[in-house]
Amino acid sequence: MATTGFKLPGFTAYVDRVKNVTAREAAELIVEELQNEGPTWTGEFRNNWVIVTGTGKRINATKESSYSVKERKFPSVESRKVIVAPKLKGRKNNGYTIGNIMSYRDIALDLDPSYARTTNKKNNTAPKDWYIDFVEGGKLRNVLEAATLKAANNPTIKGFKGGSIATRFS
């Protein structure tokens, strides 16, 4: 009787590795772009993005501003922190959830309809509706494409050879 498939030892492990590396690259590039696009009045909001393993996880707004009202009037901007995604391990862990933990995040993301945005351009360090424009305006898609290309050049996933139980990679 003829078989309908063929065996390619190590292929499933290789695909899992490609998926995990691509997801990690995407998460880190998305956060970097959110940091660059979003408000940077003090740098506090920009530096409190988090990446957690698993999709659809709830990220609570647990951090209050460490700046007083007076300090916020004449801020010294914190330098941008590099946010690193934790490694995905195994087949069950598929993807990441990205969020910001600042208590005022809905205002900074322009998602709070009750908050009247100031028209004082000096206080606005991001364009109005910057987050919605990022997600819906094509920038997120561009970041995902860049992450896929970056992952394709990652040496840990280049050069699948297969053929053994201990999957060989070049």
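Keep in mind it's a predicted model, so treat the numbers as computed, not measured.

Caption draft 1: Region of the structure containing the overall build of the chain. A tally of regular secondary structure across the chain gives five helices and two strands. If you list the helices and strands of the chain from N to C, you get α-β-α-β-α-α-α. Burial statistics for the chain: of 170 residues in total, 30% are counted as buried. Pairs at least 24 residues apart make up 76% of the contacts formed inside the chain by residues separated by at least 6 positions.

Caption draft 2: Expanded view of the pairing of strand E2 (residues 96–100). When you tally the buried positions in E2, you get four out of five residues, the bulk of the element. Relative to E2, strand E1 (residues 49–53) is paired through five bridges, and the arrangement is antiparallel. Among the inter-strand pairings, Val52 is bridged to a residue of E2, identified as Thr97.

Caption draft 3: Layout of unusual backbone geometry. In this structure, Asp110 takes a positive phi of about 60° despite not being glycine. For Asp110, the location among the structural elements is in the loop between helix H3 (105–108) and helix H4 (130–136).

Caption draft 4: Structural detail: the packing of aromatic side chains. Counting across every chain of the model gives three aromatic pairs. Residues Phe45 and Tyr104 carry aromatic rings whose centres are separated by 6.2 Å and whose planes lie at 35° to one another, so their mutual orientation is tilted. Residue Phe45 is located in the loop between helix H1 (11–37) and E1, and its partner Tyr104 is located in the loop between E2 and H3; the two are separated by 59 residues in the primary sequence. A centroid spacing of 5.7 Å and a plane angle of 75° characterise the contact between Trp130 and Tyr131, whose relative ring orientation is edge-to-face. Classification of Trp130 by relative accessible area gives buried; the value is 3%. On the basis of relative accessible area, Tyr131 is assigned to the partly exposed category, the value being 24%. Members of the aromatic cluster, connected to one another through ring pairs, are Phe45, Trp49 and Tyr104.

Caption draft 5: Quick peek at the side chain of Asn47. Structurally, Asn47 can be placed in the loop between H1 and E1. The residues contacting Asn47, other than those within four sequence positions of it, are Gln35, Glu78, Ser79, Arg80, Lys81 and Ile83.

Caption draft 6: Expanded view of the environment of Arg46. Structurally, the position occupied by Arg46 is in the loop between H1 and E1. Expressed as a C-alpha distance, the spacing of Arg46 and Asn36, which sit ten residues apart in the sequence, is 8.0 Å. If we ignore the near neighbours within four places in the chain, the residues touching Arg46 are Gln35, Pro39, Thr40, Val77, Glu78, Ser79 and Arg80. Polar side-chain contacts of Arg46 include one of 2.3 Å to the backbone oxygen of Glu78.

Caption draft 7: Expanded view of a nonpolar patch on the surface. A surface patch of nonpolar side chains, amounting to about 410 Å² of accessible area, comprises Phe6, Leu8, Phe11 and Val15. Position of Val15 relative to the elements: it lies in helix H1.

Caption draft 8: Seen up close, the layout of surface pockets. In this structure, the second largest pocket occupies an estimated 440 Å³ of space. What lines the second largest pocket is a set of 22 residues, and nearest its centre among them are Trp49, Thr97, Ile98, Gly99 and Tyr131. Listed by contribution, the elements that provide at least two residues to the lining of the second largest pocket are H1, E2, H3, H4 and helix H5 (139–152). Taken together, the residues that form the lining of the second largest pocket break down as 16 nonpolar, three polar and three charged.

Caption draft 9: Layout of the nonpolar core. The biggest cluster of nonpolar side chains holds 21 residues, and the ones touching the most others in it are Leu34, Phe45, Trp49, Ile51, Tyr96 and Trp130. Looking at which element gives the most residues to this core, the answer is H1, with six residues. Once residues within four sequence positions are removed from consideration, Leu34 is found in contact with Trp49, Ile98, Trp130, Tyr131 and Phe134.

The rules we used
Residues numbered from 1 in each chain as written. Predicted model: local features only at pLDDT ≥ 70, side-chain atom pairs only at ≥ 80, totals over all residues. Heavy atoms only, no water. Helix = DSSP H or I, 4+ residues; strand = E, 2+ residues; numbered from the N terminus. Buried < 20%, exposed > 50% of the residue type's maximum accessible area, 1.4 Å probe, protein only. Contact = heavy atoms within 4.5 Å. Pairing = 2+ DSSP bridges. Phe/Tyr/Trp six-rings, centres within 6.5 Å; stacked < 30°, edge-to-face > 60°. Polar contact = N/O pair within 3.5 Å; in protein donor to acceptor, adjacent residues only side chain to side chain. Patch = residues over 30% accessible without salt bridge, like charges linked within 9 Å, V, L, I, M, F, W, Y side chains within 5 Å. Areas by Shrake-Rupley, 256 points an atom, 1.4 Å probe, with all protein chains shown as cover. Salt bridge = Lys/Arg side-chain N within 4 Å of Asp/Glu carboxyl O. 1 Å grid on protein atoms, 1.4 Å probe; cavity = no way out; pocket = protein on both sides within 12 Å on 5 of 7 lines; lining within 4 Å. Points joined across faces, edges and corners; volume = space filled by probe spheres on them. Nonpolar A, V, L, I, M, F, W, Y, C, P; charged D, E, K, R; others polar. Core = buried A, V, L, I, M, F, W, Y, C linked by side-chain atoms within 4.5 Å.

Don't take any of this as a statement about function, it's just geometry.
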